[in-house]
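Commentary on secondary and tertiary structure
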Amino acid sequence: MSFHTMRTALSIAGTDPSGGAGIQADLKTMTMNGVFAMSAITALVAQNTAGVREIVELTPDFLGQQIDAVFEDIPPDAVKIGMAASCGLIEKIAERLRFYRAENVVVDPVMVATSGDPLISKEAVATLKTCLLPLATVATPNIPEAEILSGMTIKSQEDIEAAARRISGAYGCAVLLKGGHNINDANDYLYADGLGTWFYGTRIDNPNTHGTGCTLSSAIAANLAKGFELPVSIRRSKEYLSGALGAMLDLGKGRGPMQHNFNLSGEYAKEDISISL
């Protein structure tokens, strides 16, 4: 009998019982991108494609216990951080990541749900800036989030470049500023180590964008865990996201989820009883 190891990634985020965003999207995405996926939950979120109903936060202590449980047993090769809505949770995440000297940290500064519902307090935004962004390998804000982080209005490609430079300079992390807010999978701008790079995406005419941010950041974390450089990780992740959107899944009454398992094949992935008859 021969055993083998596998690269590992941890998602620290909130839940989505409808399965398209949050921890659930992260675990699906990391699995489909070839790593062993683990999770530490910041908040239980009653949400679906139509909106957020209620958020129950876990305590910073319990979040810390979850992170410790993972790092003490299966140290992750990458960490993705999604929704962390309060100062105490953000401070706990930062403190534990520093303690374990975590590498390949992807921060998706989640502030607003796809449905438009706010997910984070103003105080927490300040803590995110001071505690978490300096630990990030890369931050992945969309335009509304980048406006909050940079303190500037973003209307053009030049604004995107300026905001990414400003955020990177202020907090010392690479910044992938996602240009396609509500325009699926358009062009994203990476500012890292003093260099700017545009990543051109395929525009896919699909209104079902629930969880795109969670999915992209998790895919980047998975690729970093596997040893790909940041620009290559981003390119691979954008291609994966395009495939998941391009599968044109149609579920839910609001902005639906994408098909994370679009390229899953094999005996146990068959969708329909008729296929095996």
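Residues numbered from 1 in each chain as written. Predicted model: local features only at pLDDT ≥ 70, side-chain atom pairs only at ≥ 80, totals over all residues. Heavy atoms only, no water.

Some words on the pairing of strand β7 (residues 174–178)
Stated formally: Partly exposed describes any residue whose relative accessible area lies between the buried limit of under 20% and the exposed limit of over 50%, with all areas from a 1.4 Å probe on protein chains only and scaled to the type maximum. Secondary structure elements follow DSSP: runs of H or I of four or more residues count as helices, runs of E of two or more count as strands, with numbering from the N terminus. A pair of strands is considered paired only if DSSP assigns at least 2 bridges between the two.
Counting buried positions along β7 gives five out of five residues, so the element sits mostly inside the fold. Bridging between strand β6 (residues 138–139) and β7 involves two bridges; their strand directions are parallel. Note that in β7 the partner of Val138 across the bridge is Ala174. Pairing of β7 with strand β8 (residues 188–192) involves four bridges; the strand directions are antiparallel. Within β8, the residue paired with Lys178 across the bridge is Asp188.

A short note on the packing of helix α5 (residues 143–150) against helix α6 (residues 157–171)
Threshold: A fitted line through C-alpha atoms serves as each axis, taken over the contacting stretch for helices, and the angle formed by two N-to-C directions is quoted from 0 to 180°. Any angle that falls under 35 degrees is termed roughly parallel, while one over 145 is termed roughly antiparallel, one within 65 to 115 roughly perpendicular, and all others oblique. In this scheme, a crossing is called left-handed if the near helix is turned counterclockwise away from the far one by less than a right angle; it is called right-handed if the turn is clockwise. In this analysis, two residues are considered to be in contact whenever any of their non-hydrogen atoms come within 4.5 Å of each other. Nonpolar residues are Ala, Val, Leu, Ile, Met, Phe, Trp, Tyr, Cys and Pro. Charged residues are Asp, Glu, Lys and Arg, and all others, Gly as well, are polar.
Contact geometry of α5 with α6 gives a least axis separation of 9 Å together with a crossing angle of 50°. Between α5 and α6, the angle is such that the two are oblique. Note that α5 runs across α6; the crossing there is left-handed. Taking contact as the criterion, the partners of Ile143, Ala146, Leu149 and Ser150 in α5 are, on α6, Ile160, Ala163, Arg166, Ile167 and Tyr171. Within the contact of α5 with α6, the residues separate by chemical class into seven nonpolar, one polar and one charged.

Regarding a nonpolar patch on the surface
Quick note on the threshold: Nonpolar side chains (Val, Leu, Ile, Met, Phe, Trp, Tyr) within 5 Å and like charges within 9 Å form the patches, drawn only from residues with over 30% relative accessible area and no salt bridge. Here, Shrake-Rupley sampling with a 1.4 Å probe gives the accessible areas, and only protein chains in the shown set may cover a residue. A pair is scored as a salt bridge if a Lys or Arg side-chain nitrogen falls within 4 Å of a carboxyl oxygen belonging to Asp or Glu.
Side chains of Met6, Phe36 and Ile74 sit close together on the surface and give an oily, nonpolar patch of about 260 Å² of accessible area. Structurally, Phe36 is set in strand β2 (residues 36–48).

Observations regarding the sheet that holds β6
Across the sheet, nine strands lie side by side as β3-β2-β1-β4-β5-β6-β7-β8-β9; this open sheet has mixed pairing. In this open sheet, the two edge strands, each paired with only one partner strand, are β3 (51–57) and β9 (195–199). Its contacts with the sheet place helix α2 (residues 60–73) against β1 (8–14), β2 and β4 (78–81), and it is angled at close to 155° to β2.

With respect to α6
For the record, the criterion: The span one expects for a helix is its residue count, reduced by one, times 1.5 Å. The arc in question is the one traced by the directions running from the helix axis out to the C-beta atoms.
The end-to-end C-alpha separation of α6 is 21 Å, in line with the 21 Å expected for 15 residues at 1.5 Å each. Within α6 the residues assigned to the buried category are Ile160, Ala163, Ala164, Ile167, Ser168 and Tyr171. Seen along its axis, α6 keeps its buried residues to an arc of 130°; they face one direction. Away from its buried face by more than 90 degrees, α6 exposes Glu158, Gly169 and Ala170. Tucked inside the fold, the buried residues of α6 contact α4 (122–132), α5, β7, β8 and β9. After α6 finishes, the residue Gly172 shows a positive phi value of roughly 70°.

A closer look at the packing of helix α1 (residues 22–32) against helix α7 (residues 212–225)
Look at α1 against α7: their axes get within 8 Å of each other, and the N-to-C directions meet at 40°. Between α1 and α7, the interaxial angle falls into the category oblique. For the element pair α1 and α7, the recorded crossing hand is right-handed. Where α1 approaches α7, its residues Gly22, Ala25, Asp26, Thr29 and Met30 are matched on the opposing element by Cys214, Thr215, Ser218, Ala219, Ala221 and Ala222. Of the residues belonging to the contact of α1 with α7, the class tally is six nonpolar, four polar and one charged.

A word on the environment of Ser121
Relative to the helices and strands, Ser121 resides in the loop between β5 (105–107) and α4. Its relative accessible area of 27% is what places Ser121 among the partly exposed residues. For the pair Ser121 and Leu44, spaced 77 residues apart in sequence, the C-alpha separation works out to 16 Å.

Some thoughts on the state of the cysteines
Convention followed: Disulfides are defined as pairs of cysteine sulfur atoms found within 2.5 Å of each other.
Tallied over the entire structure, the rule returns zero disulfides. Unpaired in this structure, Cys173 has its nearest cysteine sulfur neighbour in Cys131, at a distance of 13 Å. Here Cys173 falls in the buried class, since its relative accessible area comes to 3%. With no disulfide of its own, Cys214 lies 18 Å from the sulfur of Cys173, the closest cysteine sulfur.

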